[in-house]
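Residues per chain, in single letters:
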There are 2 protein chains.
Amino acid sequence: MDFLNYPQPLADLISSLARLPGIGPKTAGRLAFYLLQQPQISQDLAQAILTANHSLKKCSICSNFTDQDPCALCQNPQRDSTELCVVEHPRDVVSLEKTKEFKGRYHVLHGVLSPMEGIGPEQLTINLLLKRLKGVQEVVMALNPTVEGEATALYLARLLKPLGIKVTRIAHGLPVGGDLEYADEVTIARALEGRRQL
Amino acid sequence: MDFLNYPQPLADLISSLARLPGIGPKTAGRLAFYLLQQPQISQDLAQAILTANHSLKKCSICSNFTDQDPCALCQNPQRDSTELCVVEHPRDVVSLEKTKEFKGRYHVLHGVLSPMEGIGPEQLTINLLLKRLKGVQEVVMALNPTVEGEATALYLARLLKPLGIKVTRIAHGLPVGGDLEYADEVTIARALEGRRQL
């Protein structure tokens, strides 16, 4: 898209918006005009971005985003410190918390191993994970079932098992409400593999 | 979506993003986490929003967004002042300019008449339009072919025709590359209505 016809500040705003994931130049243009027509919403948004960037840090224990250190979850004495759930993104913590099924603590890797993108163990929070294993009996890998997620789970399992820690992985199979007809073979194979007695 | 599990600044950022058009709570969450992980992009975006809101005003002649008043188009002596093209949004000016077909000047209404939404002639820039008609010979209505767009074009035509100004409307019909089979009846009827001799 050609921004030449726009005044400079508008062209800058459009190109800033177009750098966000999933937002192409057309959507960016639409959003930019909307922001110009809604000064209050724009001010609030700019302020929210600056505040979030300024006040949110990574928790020094679990690396989740937090406005207090350690984060509310790490400080909560009600949570079971013998169970640790390893996730890729901070948003995965929210997804898991919504189920109200897991009572342990979390560890956020901020990514998965991906040699293609130059992400090795040093780029993730694996060192921090190894430092907080005292008293931990089980580590649950809640990583996405992608090639990188699987590789990361196996890598971590190999580090943790020699320390006498039970390493588990969340189940992969048909989603609830899903249909065998439309599921891919790998998912069906995993569902078969993980079958349990009724 | 439940933001209770998020730290406050993050919840604020997500709800600010979710107020943008076409961005639901899920996308807002994804964008918010992206912004947290990319401090430079966030800073640039916040700055671009503030700068655009601060430096872009409506041109006092044509009401288009501009960083100088009058805007570059209104100041350009090369443009034909006898032709005026009326559009709904500033982005329509860009779409029309890309065709390089129109050599006249523009007038941005910033909306169309819509009694349902409480938008009457006073909410649009119709007063400014009536003030700049000196020397204008033709007014081209380049409004969208919606009920409101049509009503606005007819309303303006009724105001302008008694002043001896030629009022035209851009053609509606099959889009280039379109297919009769997939066009709706109203479009085909308009295409027939607007037929020309070969």
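Quick summary incoming for the structure in this document. (Residues numbered from 1 in each chain as written. Chains lettered and ligands numbered in written order. Predicted model: local features only at pLDDT ≥ 70, side-chain atom pairs only at ≥ 80, totals over all residues. Heavy atoms only, no water.)

Regarding the interface of chain A and chain B
The interface is formed by 46 residues belonging to chain A together with 46 residues belonging to chain B. Taking both sides of the interface into account, the surface hidden between chain A and chain B amounts to around 4600 Å²; carbon and sulfur atoms contribute 73%. The interface formed by chain A and chain B contains two salt bridges. Asp-44 of chain B is paired through a salt bridge with Arg-19 of chain A; the nearest N and O atoms lie 3.2 Å apart. The interface formed by chain A and chain B includes four residue pairs in polar contact (both at pLDDT 80 or more). Of all the elements in the fold, those that place two or more residues in the side of chain A that touches chain B are helix 1 (8-17), helix 2 (25-37), helix 3 (39-55), strand 2 (65-66) and helix 5 (90-99) of chain A. In terms of residue count, helix 3 of chain A provides more of the side of chain A that touches chain B than any other element does, 13 residues in total. Within the side of chain A that touches chain B, the residues separate by chemical class into 27 nonpolar, eleven polar and eight charged. (Contact = heavy atoms within 4.5 Å. Buried area = accessible area lost by both parts, 1.4 Å probe. Salt bridge = Lys/Arg side-chain N within 4 Å of Asp/Glu carboxyl O. Polar contact = N/O pair within 3.5 Å; in protein donor to acceptor, adjacent residues only side chain to side chain. Helix = DSSP H or I, 4+ residues; strand = E, 2+ residues; numbered from the N terminus. Nonpolar A, V, L, I, M, F, W, Y, C, P; charged D, E, K, R; others polar.)

Structural notes on the nonpolar core
Ranked by size, the top nonpolar core spans 46 residues in total, and within it Leu-13 and Leu-17 of chain A together with Leu-13 and Leu-17 of chain B carry the most contacts. In this structure, Leu-17 of chain A is in contact with Ile-23, Ala-28, Leu-31, Ala-32 and Leu-35 of chain A together with Leu-45 of chain B, ignoring residues within four places of it in sequence. (Core = buried A, V, L, I, M, F, W, Y, C linked by side-chain atoms within 4.5 Å. Buried < 20%, exposed > 50% of the residue type's maximum accessible area, 1.4 Å probe, protein only.)

Considerations on the pairing of strand 5 (residues 138-141) of chain B
Residues and elements named next belong to chain B. Every second residue of strand 5 is oriented toward a common face, with Glu-138 and Val-140 on one face and Val-139 and Met-141 on the other, all of them buried. When strand 3 (residues 83-87) meets strand 5, the two strands line up parallel, connected through four bridges. What sits directly across from Leu-84, in strand 5, is Val-139. One ladder, built from four bridges, connects strand 5 with strand 6 (residues 166-169); its direction is parallel. Across the sheet, residue Val-140 finds its bridge partner in strand 6, namely Thr-168. This β-α-β element, strand 5 to helix 7 (residues 147-160) to strand 6, shows right-handed connectivity. (Pairing = 2+ DSSP bridges. Right-handed = clockwise from strand over helix to strand, strands pointing away.)

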